[in-house]
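Fold and geometry: a report
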Protein chains: 2
Amino acid sequence: MLPQNTIGWGTARSAIRELFEFGNKRRAAIGAENVFDFSIGNPSIPAPACVDETLRELYSTGDSLLLHSYTSSAGNPSLRKKVAEFLNSTSKGQFEAEGVYITCGSAAGLASSMNGLLMPGEEVILIAPYFPEYKVFVEGAGGKIVVAQPDENMMLSAENIAKVITEKTKAVIINSPNNPSGVVFTAEKLAEMADVLRAAEKKYGNNIYIVSDEPYRELCYGDAKFAPCQDAYENTIVCYSFSKCLSLPGERIGYLAVDKRAADYEKVFASVAGAARALGYVCAPSSMQFMAEKCIGATSDIAQYEINRDILCSGLQKIGYEFAKPDGAFYLFVKALEPDAQAFSDKAKEFELLLVPSDTFGVGGYVRLSYCVSREMIEKSMPALKKLYDCYKK
Amino acid sequence: MLPQNTIGWGTARSAIRELFEFGNKRRAAIGAENVFDFSIGNPSIPAPACVDETLRELYSTGDSLLLHSYTSSAGNPSLRKKVAEFLNSTSKGQFEAEGVYITCGSAAGLASSMNGLLMPGEEVILIAPYFPEYKVFVEGAGGKIVVAQPDENMMLSAENIAKVITEKTKAVIINSPNNPSGVVFTAEKLAEMADVLRAAEKKYGNNIYIVSDEPYRELCYGDAKFAPCQDAYENTIVCYSFSKCLSLPGERIGYLAVDKRAADYEKVFASVAGAARALGYVCAPSSMQFMAEKCIGATSDIAQYEINRDILCSGLQKIGYEFAKPDGAFYLFVKALEPDAQAFSDKAKEFELLLVPSDTFGVGGYVRLSYCVSREMIEKSMPALKKLYDCYKK
């Protein structure tokens, strides 16, 4: 007998993976330039120069033994200090090096947080639409997910969160800018939610933590501004990845930081660190820790994503598609033209359009388009998007 | 309320960490050259030239986007294929790319294996002395450790394993060359154990898996030869790290490979992969995957460890210390001169000698000396080791 949950996670049908494989087949058959693949979430803009320059420098003149050595399990002290300083200078939170844990990306921070926070059967609120791995992390840690619906603009709704809080609520995962909707949660909405959480803490005599997954923090466009959760709420754990801002998702480098004003601050940090240990995280990749210390604050040329967004939005609008206004990340959440998002995604394939059905993200009736793609592809895809629209509306 | 087990793992007193901190204080006080620190397990010989050369080359001429991109969660197909070929060419096992999962080091492979194999309350046999993190990985996965004693030479004893097998036994973790003893398990002893495991499988109608943790595989000295578990037993999962052979323990790159003859092969692989997903492992560091593909089979100048071993062994022998013959890894397991290993380690500190007490490894009465240190330090430490001996024997 083997555990059924892990077998399930290892064999689960993945709409994204299936689209990926379909795309590979079509690219081979008709040429990559004729396939309009909006399914991937891999940065399309290279890392800023400092990344490869710093790494080349480290491998040329650095002490090879030191560079490749184990670091402390929580990471190099100097990097932890820089992260705390960075968070303190960009938010009203209070962070110290001792509360920062350098992780193999945000996923490692999330899995460690869930395992460190949750007692068996405790609940974690996800806000739809949500990144599907959250469910796996919560259930892997023995918890249960509870889904709060967003408002009609895919914005965080404190009212809907209040509806699903119970005495078992231990945490809320916030993801802004959001994958898959691209919506950026406002400071006002976060403050409303914080009031709801504080009231529930008082009512049930429990602590509720916000676990804020912020890999898209720097990817905000136009007037939209990222609002840190810790500005509204003390019991906050920030999970960050350098994947998107430095265009290096494969390298697995990020951090987890517990606001020192959080309830049971020291115990929470110890528990999350203990969880990371049990999950097999010895330390985050050492070279990347040295690189991150040099490059913290740098970003790849994010303006390119904003241009992509504008071209795609105006094209879709002109055709007649409806979507939530995407202020950040590199995703657009477009209303499917039939209730069944999977059927709509299948129909789109007939025009070589790869769109991810929203069922994957816990809501029906939408598709996700990633615009971390080449500008040429966006422009070339417009006739296909028009033909798809005409299938339904003509 | 927070989980007590994770808080425990996050706050546990660690003899190794305490020695590390004591060492730092003494180095600051009397100079690093006067502290004889045998407590660390970090490679002391730099990575082979191919490592930094390959990385420099990748960061200079490689496609930066591709280099830093997400890989498949199980790793780059070409690397998985190379690993399978490597294992097939160096053992009698049968491996295929589809059964190889590239991991963030061997720890990630072990944690994923335990989470993918164990049903609640199932038992995993560890062979004393054992690497202490095994206990954390097993308990983190909801399992229970059961300890089998070695024979009087710290060698694997099939008889002692037979004594502790129950109907709940799901796996045996094998670690050869062994940390902390340096003993290399022979093919003969592994075959004896395999017979015991097969008999137990028959008796209880269960599958029992060997999870073979082999980061020291290449570090065998003199006539000693590493014996692969899969040569004796089909139900084998190999967990490997490039940490020791390529001297890059901080970079977190290794693999897990399930022998395709193993019972429920496909389910086991799916379950372990599903566990890796739930633990937050998105992929192993991408640059390191490309590097590993180029450098597989290379090693740092391991002969240096053998010279260290010989100098240390002959010095200790001359003084009068007793120890198991260390045929591999870079550890020596020396009999303490009083029954309480911690007290002996404390006494050693008076001579600026940092020796890890064996209680950490599940047995009493020994200390571990790492000889992945500078030759000069080994030579300079001899008078101190003599003085320590004289405290007890004069």
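Residue and element names in this part refer to chain A. Strands sit in the order β2-β8-β7-β6-β5-β3-β4 across an open sheet of seven strands; the sheet is mixed. The outermost strands of the open sheet, each flanked by one partner alone, are β2 (100-103) and β4 (144-148). Strand-to-strand twist across the sheet, computed as the mean angle between neighbouring axes with direction ignored, equals 20°. Examined bridge by bridge, strand β3 (residues 123-127) and β4 share five bridges and lie parallel to one another.

On the chain A side, the residues contacting the 68 residues of chain B number 68 residues. For the chain B and chain A pair, buried surface summed over both sides reaches about 5400 Å², with 58% attributable to carbon and sulfur atoms. Of all residues in chain B, the largest losses of buried area upon contact with chain A belong to Tyr59(B), Tyr70(B) and Arg277(B), amounting jointly to 13% of the total for that side. On inspection of chain B and its partner chain A, the count reaches two salt bridges. Here Glu133(A) ties to Arg277(B) by a salt bridge, and the two come within 2.7 Å at their closest N and O atoms. Linking chain B with chain A are 33 residue pairs in polar contact (both at pLDDT 80 or more). If one sorts the elements of the side of chain B that touches chain A by residue count, helix α10 (residues 265-278) of chain B sits on top with nine residues. Its residues assigned to classes, the side of chain B that touches chain A shows 38 nonpolar, 20 polar and ten charged.

Our focus in this paragraph is helix α2 (residues 15-30) of chain B. Residue and element names in this part refer to chain B. Its 16 residues place the ends of α2 22 Å apart at the C-alpha level, agreeing with the 22 Å of an ideal helix rising 1.5 Å per residue. Listed as buried for α2 are Ala-15, Leu-19 and Gly-23. All buried residues of α2 lie within an arc of 75° about the axis, which places them on one face of the element. In α2, those exposed residues whose orientation departs by more than 90 degrees from the buried face are Lys-25 and Ala-28. Its buried side turned inward, α2 meets α13 (341-349), β10 (353-354) and β11 (356-357). Of the residues trailing α2, Gly-31 is marked for its positive phi of about 95°.

Turning our attention to the confidence of the model for chain A. Residues with a pLDDT of 70 or more make up 100% of chain A, whose mean pLDDT is 95. Quick note on the complex model: pTM equals 0.95, ipTM equals 0.95.

The step from Asn179(A) to Pro180(A) runs through a cis peptide bond, and the omega angle for that step is 25°. With respect to the helices, strands and loops of the structure, Pro180(A) is situated in the loop between β5 (169-174) and α9 (187-204). Following Ala128(B), the chain continues into Pro129(B) via a peptide bond in cis, with omega recorded as -10°. As for its position among the elements, Pro129(B) is in the loop between β3 (123-127) and α7 (133-140). Phi at Arg252(A) takes a positive value of approximately 60°, unusual for a residue other than glycine. Structurally, Arg252(A) can be placed in the loop between β7 (236-241) and β8 (254-258). Of note in this structure, Asp264(A) is not a glycine but carries a positive phi near 55°. Secondary-structure assignment places Asp264(A) in the loop between β8 and α10 (265-278). Accessibility expressed as a relative area gives 41% for Asp264(A), which makes it partly exposed.

With that out of the way, let us pick up the packing of helix α6 (residues 105-117) of chain A against helix α7 (residues 133-140) of chain A. Residues and elements named next belong to chain A. At their nearest, the axes of α6 and α7 sit 8 Å apart, and the two run at 35° to each other. Helix-helix and strand crossings are classified by hand; for α6 and α7 the assignment is right-handed. Contact residues: α6 offers Ala-107, Leu-110, Ala-111, Met-114 and Asn-115, while α7 offers Tyr-134, Phe-137, Val-138 and Gly-140. Classifying every residue of the contact of α6 with α7 by side-chain character gives seven nonpolar, two polar and no charged.

So, about the pattern of salt bridges. Counted according to the given criterion, the structure contains 40 salt bridges over all chains. With its nearest N and O atoms 3.5 Å apart, the salt bridge here joins Arg198(A) to Glu234(A). Taken as a pair, Arg198(A) in helix α9 and Glu234(A) in the loop between β6 (209-213) and β7 lie far apart in primary sequence, 36 residues in all. When the shortest N-O distance is used, the salt bridge between Glu306(B) and Arg309(B) registers 3.9 Å. You can see Glu306(B) and its partner Arg309(B) sitting in helix α12 (residues 303-319), three residues apart, about one turn around the helix. One salt-bridge network, held together by shared partners, links Glu306(A), Arg309(A), Asp310(A), Lys325(A) and Asp327(A).

All names here are of chain B. Running from amino to carboxyl end, helix α6 (residues 105-117) crosses α10 at an angle of 115°, the nearest separation of the two axes being 7 Å. As α6 packs across α10, the resulting crossing turns out to be right-handed. Of the residues in α10, those in contact with Ser-112, Ser-113, Asn-115, Gly-116 and Leu-117 of α6 are Val-268, Ser-271, Val-272, Ala-275 and Ala-276.

We now examine the sheet that holds strand β12 (residues 366-370) of chain A. Residues and elements named next belong to chain A. With antiparallel pairing, three strands are arranged side by side in an open sheet as β9-β12-β11. Of all the strands in the sheet, just β9 (331-335) and β11 (356-357) have a single pairing partner and so form its edges. Pairing analysis gives two bridges linking β11 to β12, with the strands arranged antiparallel. When the sheet's bridge partners are listed, Val-356 is paired in β12 with Arg-368.

Residue and element names in this part refer to chain A. Here Ser-358 is to be found in the loop between β11 and β12. Overall, the relative accessible area of 0% leaves Ser-358 in the buried class. Through-space distance from the C-alpha of Ser-358 to that of Gln-289 is 35 Å; in sequence the pair is 69 residues apart. If we ignore the near neighbours within four places in the chain, the residues touching Ser-358 are Phe-333, Ala-341, Val-363, Gly-364, Gly-365, Tyr-366 and Val-367. Reaching out from Ser-358, the side chain makes a polar contact with the backbone nitrogen of Gly-365 at a distance of 3.4 Å.

What follows deals with the nonpolar core. If you look at the biggest cluster of nonpolar residues, it comprises 74 residues, and the most contacted ones within it are Met114(A), Ile173(A), Val211(A), Met114(B) and Val211(B). Excluding its chain neighbours within four sequence positions, the residues that come into contact with Ile173(A) are Leu110(A), Met114(A), Val124(A), Ile125(A), Leu126(A), Ile127(A), Tyr134(A), Val138(A) and Val211(A). One finds Val83(A), Val238(A), Ala292(B) and Cys295(B) within the second-largest nonpolar core, a separate group that totals 55 residues.

What follows covers α7(B). Counting along an α-helix, one turn takes 3.6 residues, and residues three or four places apart therefore face a common direction. All of the buried residues along α7(B) are Glu133(B), Tyr134(B), Val136(B), Phe137(B) and Val138(B). Of the residues flanking the end of α7(B), it is Gly142(B), one or two places downstream, whose phi is positive at about 85°.

Turning next to the environment of Asp346(B). All names here are of chain B. You can see Asp-346 is positioned in helix α13. Residue classification places Asp-346 among the partly exposed residues on the basis of a relative accessible area of 33%. Along the primary structure Asp-346 and Leu-19 are separated by 327 residues, whereas in three dimensions their C-alpha atoms are 9.6 Å apart.

Take the pairing of β12(A) next. Among the five residues that make up β12(A), five are buried, leaving the element largely enclosed by the rest of the structure. Along β12(A), one buried face is formed by Tyr366(A), Arg368(A) and Ser370(A) and the opposite face, lined by Val367(A) and Leu369(A), is buried too.

So, about the relation of the copies chain B and chain A. Copy one and copy two of the chain differ by a rotation about a common axis and a shift along it. You can overlay chain B on chain A at an RMSD of 0.0 Å; the transform is a turn of 180° with a shift of 0.0 Å along its axis. The relationship between the two copies is best expressed as a two-fold rotation axis. When the interface residues of chain B are mapped onto chain A, 100% of them are again interface residues, pointing to one common binding face.

Bringing the packing of aromatic side chains into the picture now. Geometry of an aromatic ring pair is reported as the spacing of the ring centres plus the angle between the planes. In this structure the tally under the stated criterion is 28 aromatic pairs over all chains. Judged by centre distance (5.5 Å) and plane angle (85°), the ring pair of Tyr216(B) and Phe330(B) falls under edge-to-face. In this pair, Tyr216(B) is assigned in the loop between β6 (209-213) and β7 (236-241) and Phe330(B) in the loop between α12 and β9 (331-335), connecting sequence segments 114 residues apart. Judged by its relative accessible area of 4%, Tyr216(B) is buried. Taken together, a centroid distance of 5.4 Å and an interplanar angle of 55° make the contact between Phe344(B) and Tyr392(B) tilted. Taken together, the residues span a long stretch of sequence, with Phe344(B) in helix α13 and Tyr392(B) in helix α14 (residues 375-393) at a distance of 48 residues. Of the residues examined, Tyr392(B) reaches a relative accessible area of 24% and is grouped as partly exposed. Through successive ring pairs, a cluster of aromatic residues spans Tyr216(A), Tyr305(A), Phe330(A) and Tyr331(A). Here Lys349(B) stacks its cationic end above the ring of Phe22(B), 5.0 Å away from the centre of that ring.

Rules behind the numbers
- Residues numbered from 1 in each chain as written.
- Chains lettered and ligands numbered in written order.
- Predicted model: local features only at pLDDT ≥ 70, side-chain atom pairs only at ≥ 80, totals over all residues.
- Heavy atoms only, no water.
- Pairing = 2+ DSSP bridges.
- Helix = DSSP H or I, 4+ residues; strand = E, 2+ residues; numbered from the N terminus.
- Axes fitted to C-alpha atoms, helices over the stretch in contact; angles between N-to-C directions.
- Contact = heavy atoms within 4.5 Å.
- Buried area = accessible area lost by both parts, 1.4 Å probe.
- Salt bridge = Lys/Arg side-chain N within 4 Å of Asp/Glu carboxyl O.
- Polar contact = N/O pair within 3.5 Å; in protein donor to acceptor, adjacent residues only side chain to side chain.
- Nonpolar A, V, L, I, M, F, W, Y, C, P; charged D, E, K, R; others polar.
- Expected span 1.5 Å × (residues − 1).
- Buried < 20%, exposed > 50% of the residue type's maximum accessible area, 1.4 Å probe, protein only.
- Arc of directions from axis to C-beta.
- pLDDT = per-residue confidence, 0-100.
- Left-handed = near helix turned anticlockwise from the far one by under 90°.
- Core = buried A, V, L, I, M, F, W, Y, C linked by side-chain atoms within 4.5 Å.
- Least-squares fit on C-alpha atoms with pLDDT ≥ 70 in both.
- Phe/Tyr/Trp six-rings, centres within 6.5 Å; stacked < 30°, edge-to-face > 60°.
- Lys NZ or Arg CZ within 6 Å of the ring centre and 35° of its normal.

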